[in-house]
Amino acid sequence: MVDQTVEKRVGVSRQLEREMSQLGNLREVLSRSSQVATNVSSILDSFEHRLARLETTILPLYQQTGNLQRRQLNTEKTLQELDYVISFYNVAGQVEAVVKERPSGIGVPKYLEAMDRLAETCKYFEQNNPQSVEIENVTSLFEIGTEAVSKEFRDELKKYQKPVPPVVTLELLEDEEVSEDTISGVELVPPGVREDLRAIASWLDKHSNTDRLTVYAKLRSDALSQSLKAVRDYQRSSSIERGGTPGSLNSPGPLRARVAKMDSTSKSRTQKISNKLRANRMLQKAITGHVSSRRQGSPGHTSYSLHGTLTPPHATTPGTVGEEGLEDSDVELYLNQVTALHRLAFAEFLLAQQLVPEDRVTRTFELILRDPMDQLVAEGESLAGLARRSVSRGDHQAVLSVLAMLRHVTSMQPEYDRLLTNCQTSIRSKFAAIINMLQETCVKALEGFVESVKSDGERALPKDGTVHEVTSNALIFTEQLLEYAITLSPMLQRDLSLSASLSNLPRGLDQSLTAKALLGAYIKRVLVNLGLALVSRSESYSDGTLKAVFRLNNYNYILKTLHSSELLNLVALVEPQCDKMYNDQIMEQKRLYSQSWSRVLHYLVNHEDVPLSVIQAGKLRDKDRQLIKDKFAGFNKEMEEMSKVQRSYSIPDRELRESLKRDNMEYILPKYQAFYDKYVNVAFTKNTEKYIKYSPAAVSSMVDKFFDVAA
């Protein structure tokens with residue numbers, strides 16, 4: 001136990017010695033560390049002190065160096081500014097020789113480069129030294145150069161201010177629609193010149209020379225007008241040549257070859273117009289042609305007999321000078337002018353896009369179009385005025401030419417709308433004004449035609465009861481309206497009564513059927529007024545039979561014309577009973593006509609008659625013999641009188657004529673045959689030939705000669 005305690009003490013003593021030894025070492029290290037820290041602190045203090053002395057020595061030198069660098073930079077900038085300013089004083093002398101030359105002589109790019117230097121110089125002096133003497137020299141030289149540039153621009157434009165060859169323009173009319181590629185083939189200005197003009201235009205626009213736009217627009221507008229005039233003159237001269245009248249195109253061989261090619265291949269568009277206008281001329285000839293003799297035929301056939309000289313009320317007679325009328329050739333030229341203006345204006349628009357700054361293209365294009373559009377409107381107004389005067393004289397067929405104009409102008413409206421999309425309303429409205437003007441002319445003409453049907457019914461009646469000229473004129477005119485149904489639709493819709501007549505039709509009709517229905521309603525109005533005029537005027541006939549013949553002829557002519565054309569289909573849209581109504585009227589007039597036999601039948605069918613038993617017994621009394629004599633004598637007299645009168649009547653329609661003859665024979669011959677057979681072998685007189693003058697065959701022959709004045 002004691003030993004263990006001793007060992008522990010020994011162990012503790014040893015541990016204590018070691019700890020004391022380590023503590024001594026630690027104190028020694030701490031002392032050395034403290035000495036090192038003191039030394040480092042002394043060194044840092046010395047270094048800081050030296051840096052402070054260095055800063056005091058170097059900072060003034062650094063500041064002096066910075067000042068020197070700034071002075072050097074300012075000196076360099078000053079020298080540059082001096083060089084820049086001095087260069088402006090030298091510009092006038094450097095570019096004077098260039099500016100006094102023509103731009104095209106030394107090249108437009110080089111000339112414009114010199115002008116740019118002058119412009120910059122003028123701007124410098126105006127802003128920095130407006131009192132300088134040099135500014136006068138520079139400004140004067142700049143004005144000279146600007147005038148030279150402007151003159152070059154005008155001269156180059158004038159050099160190519162030539163009308164487009166008529167043949168080229170007419171070739172553009174061939175396409176129903178044209179594209180930018182097609183129009184770009186029309187060379188108004190050569191490409192090389194176009195680049196120079198574009199550069200000049202850009203320079204002038206940059207330097208606020210607004211007069212350039214006016215000059216450009218005026219010159220190109222004149223060129224456009226000249227191109228339109230060239231087409232018009234060319235077509236007139238070509239028409240004279242084709243017509244065999246004196247005239248020459250005075251064109252070189254190659255151009256004549258192109259003309260020949262055009263004449264053989266370029267008729268598709270203008271030929272359509274020409275065909276319509278020729279149809280109008282044929283109509284005019286049909287209406288104004290004098291019918292000198294009655295001829296047999298049917299409606300629509302050239303031999304159909306019509307009453308009187310089919311001329312307007314105020315038409316001039318041969319040898320007199322009439323008022324100026326609407327010529328189809330002028331209408332055809334105008335239609336081509338409408339298309340030609342669009343094509344050439346399109347070409348001008350493309351040229352303006354290349355030569356005029358983008359923000360000025362629309363305004364310049366408006367200036368170019370203003371005069372040609374005004375001229376087109378004026379020409380349209382002139383033609384419409386001629387048409388109105390023709391209509392006022394009773395020549396209503398002139399409206400067909402106006403309709404041809406209106407249809408073509410309306411078809412061109414979408415193309416004009418696309419071309420004039422960004423233009424002012426004043427320009428776009430010009431083309432719309434043409435349409436409105438033509439529509440108003442047509443509306444008044446159509447209204448006037450209905451009134452003329454009423455008033456023309458007061459003309460002299462035909463003595464033979466044939467078809468009245470008013471009837472033929474009305475049917476010919478309305479039939480010609482068929483091809484203009486779509487064109488007429490907007491105008492007819494304005495008439496509330498016509499629009500109301502479509503109320504019974506199904507809703508949602510397509511445009512074509514609606515147009516036909518409206519035209520059908522108008523034709524119905526014409527027919528109603530025509531019917532009233534015919535009935536009213538025919539009351540002037542003192543002969544009831546002739547009145548029935550007159551009405552029968554006219555009703556039959558109307559119905560056959562309606563059937564032979566599309567007129568009946570159109571009228572049936574608003575009046576389904578039209579066909580039945582005319583058939584009923586025809587049957588009624590036939591019935592009235594058959595009453596003309598009453599005086600003849602009076603002697604054939606009579607209550608006072610000789611009994612058959614007396615005739616068979618052969619015991620005739622004097623009273624009986626006299627009765628038979630009176631019957632035959634009366635029949636002969638009335639039959640001869642009726643034959644004479646009815647030969648003077650005219651039934652121009654062969655089918656109707658033969659039908660009436662057949663009805664007459666079926667009506668009278670059986671009765672006369674029975675009468676003839678009853679008395680032919682009766683000895684009622686010694687002078688049989690005096691009383692029995694006509695056999696049934698002879699009566700049939702007489703009836704067959706009815707309605708034939710030459711028989």
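Residues numbered from 1 in each chain as written. Predicted model: local features only at pLDDT ≥ 70, side-chain atom pairs only at ≥ 80, totals over all residues. Heavy atoms only, no water.

### Here's the deal with the overall build of the protein
In terms of helices and strands, the protein carries 27 helices and 0 strands. For the protein, the proportion of its 711 residues judged to be buried stands at 44%. Considering only residue pairs separated by 6 or more positions, the protein has 81% of its internal contacts joining residues 24 or more positions apart. On the protein, roughly 38,500 Å² of surface is accessible, and the fraction owed to carbon and sulfur atoms is 52%. (Helix = DSSP H or I, 4+ residues; strand = E, 2+ residues; numbered from the N terminus. Buried < 20%, exposed > 50% of the residue type's maximum accessible area, 1.4 Å probe, protein only. Contact = heavy atoms within 4.5 Å. Areas by Shrake-Rupley, 256 points an atom, 1.4 Å probe, with all protein chains shown as cover.)

### Some remarks on the environment of Met115
With respect to the helices and strands, the residue Met115 is situated in helix H3 (residues 108-128). Note on Met115: relative accessible area 0%, which makes it buried. Spatially, the C-alpha atoms of Met115 and Leu141 are 9.2 Å apart, while their sequence positions differ by 26 residues. With residues near it in sequence (within four places) discarded, Met115 still touches Val99, Phe142, Gly145, Thr146, Val149 and Trp203.

### Examining the side chain of Thr471
Secondary-structure assignment places Thr471 in helix H15 (residues 469-480). The exposure class assigned to Thr471 is buried, which follows from its relative accessible area of 0%. Setting aside chain neighbours within four positions, we find Thr471 in contact with Leu530, Leu534, Asn554, Tyr557 and Ile558.

### Topic: the packing of aromatic side chains
Per the stated rule, a full pass over the model turns up 17 aromatic pairs. Consider the rings of Phe349 and Phe365, whose centres lie 5.1 Å apart with planes at 65 degrees: the pair is edge-to-face. Placement of the pair is Phe349 in helix H11 (residues 328-355) and Phe365 in helix H12 (residues 361-392), with a sequence separation of 16 residues. Consider the rings of Phe706 and Phe707, whose centres lie 6.0 Å apart with planes at 80 degrees: the pair is edge-to-face. Each member of the pair Phe706 and Phe707 is classed as buried. Connected via pairs of aromatic rings, a cluster forms that spans Phe632, Phe635, Tyr672, Phe675, Tyr676, Tyr679, Phe684 and Tyr691. (Phe/Tyr/Trp six-rings, centres within 6.5 Å; stacked < 30°, edge-to-face > 60°.)

### Some thoughts on the packing of helix H19 (residues 544-564) against helix H21 (residues 578-594)
The N-to-C vectors of H19 and H21 enclose an angle of 155 degrees; their axes lie 9 Å apart at closest approach. On the basis of their axis angle, the class for H19 and H21 is roughly antiparallel. In this structure, H19 crosses over H21, and the sense of that crossing is left-handed. Every residue of H21 that contacts H19 at Thr545, Ala548, Val549, Arg551, Leu552, Tyr555, Asn556, Ile558, Leu559, Leu562 and His563 is listed here: Cys578, Asp579, Tyr582, Asn583, Gln585, Ile586, Gln589, Lys590, Leu592 and Tyr593. Class assignment of the residues belonging to the contact of H19 with H21 gives a composition of 12 nonpolar, 6 polar and 3 charged. (Axes fitted to C-alpha atoms, helices over the stretch in contact; angles between N-to-C directions. Parallel < 35°, antiparallel > 145°, perpendicular 65-115°, else oblique. Left-handed = near helix turned anticlockwise from the far one by under 90°. Nonpolar A, V, L, I, M, F, W, Y, C, P; charged D, E, K, R; others polar.)

### Remarks on H15
Spacing of three or four residues puts side chains on the same side of an α-helix, whose turn is 3.6 residues. For H15, which comprises 12 residues, the first-to-last C-alpha distance of 16 Å matches the rise-based estimate of 16 Å (1.5 Å per residue) to within 8%. Among the residues of H15, Glu469, Val470, Thr471, Ser472, Asn473, Ala474, Leu475, Ile476, Phe477, Thr478 and Gln480 are the ones counted as buried. (Expected span 1.5 Å × (residues − 1).)

### As for the packing of helix H25 (residues 654-679) against helix H27 (residues 696-704)
At a closest axis distance of 10 Å, the pairing of H25 and H27 adopts a crossing angle of 160 degrees. It follows that H25 is roughly antiparallel to H27 by the angle criterion. Handedness of the H25/H27 crossing: right-handed. Of the residues in H27, those touching H25 at Lys661, Asn664, Met665, Ile668, Leu669, Tyr672, Gln673 and Tyr676 are Pro696, Val699, Ser700, Val703 and Asp704.

### A word on the pattern of salt bridges
All chains considered together, the criterion is met by 30 salt bridges. Residue Asp222 pairs with Lys218 through a salt bridge whose shortest N-O separation is 2.7 Å. Taken as a pair, Asp222 and Lys218 lie in helix H8 (residues 211-242) at a separation of 4 residues, close to a single helical turn. Overall, Lys218 belongs to the partly exposed group, its relative accessible area being 45%. One salt bridge in this structure joins Lys454 and Glu451, with 3.7 Å as the shortest N-O distance. In this pair, Lys454 and Glu451 are both assigned in helix H14 (residues 425-456), 3 residues apart and thus about one turn of the helix distant. Among the residues examined, Glu451 registers a relative accessible area of 45% and is labelled partly exposed. One salt-bridge network, in which partners are shared between bridges, spans Glu539, Lys547 and Arg551. (Salt bridge = Lys/Arg side-chain N within 4 Å of Asp/Glu carboxyl O.)

### What to know about the environment of Thr685
Tracing the backbone shows Thr685 in the loop between H25 and helix H26 (688-691). Exposure remark for Thr685: the relative accessible area of 17% places this residue in the buried category. Separated by 57 residues in the primary sequence, Thr685 and Ile628 place their C-alpha atoms 9.1 Å from one another. With sequence-adjacent residues up to four places away left out, Thr685 is seen in contact with Lys629 and Tyr691.

### A closer look at a nonpolar patch on the surface
A cluster of nonpolar side chains, namely Phe47, Leu51, Leu54, Ile58 and Leu61, defines an oily patch on the protein surface of about 480 Å² accessible area. Relative to the helices and strands, Ile58 resides in helix H1 (residues 2-99). Residue classification places Ile58 among the partly exposed positions, given a relative accessible area of 43%. (Patch = residues over 30% accessible without salt bridge, like charges linked within 9 Å, V, L, I, M, F, W, Y side chains within 5 Å.)

### Remarks on the environment of Leu562
Following the sequence through the fold, Leu562 ends up in helix H19. Residue Leu562 is classed as buried on the basis of its relative accessible area of 0%. When the C-alpha positions of Leu562 and Cys578 are compared, they lie 9.7 Å apart, and in sequence the two are 16 residues distant.

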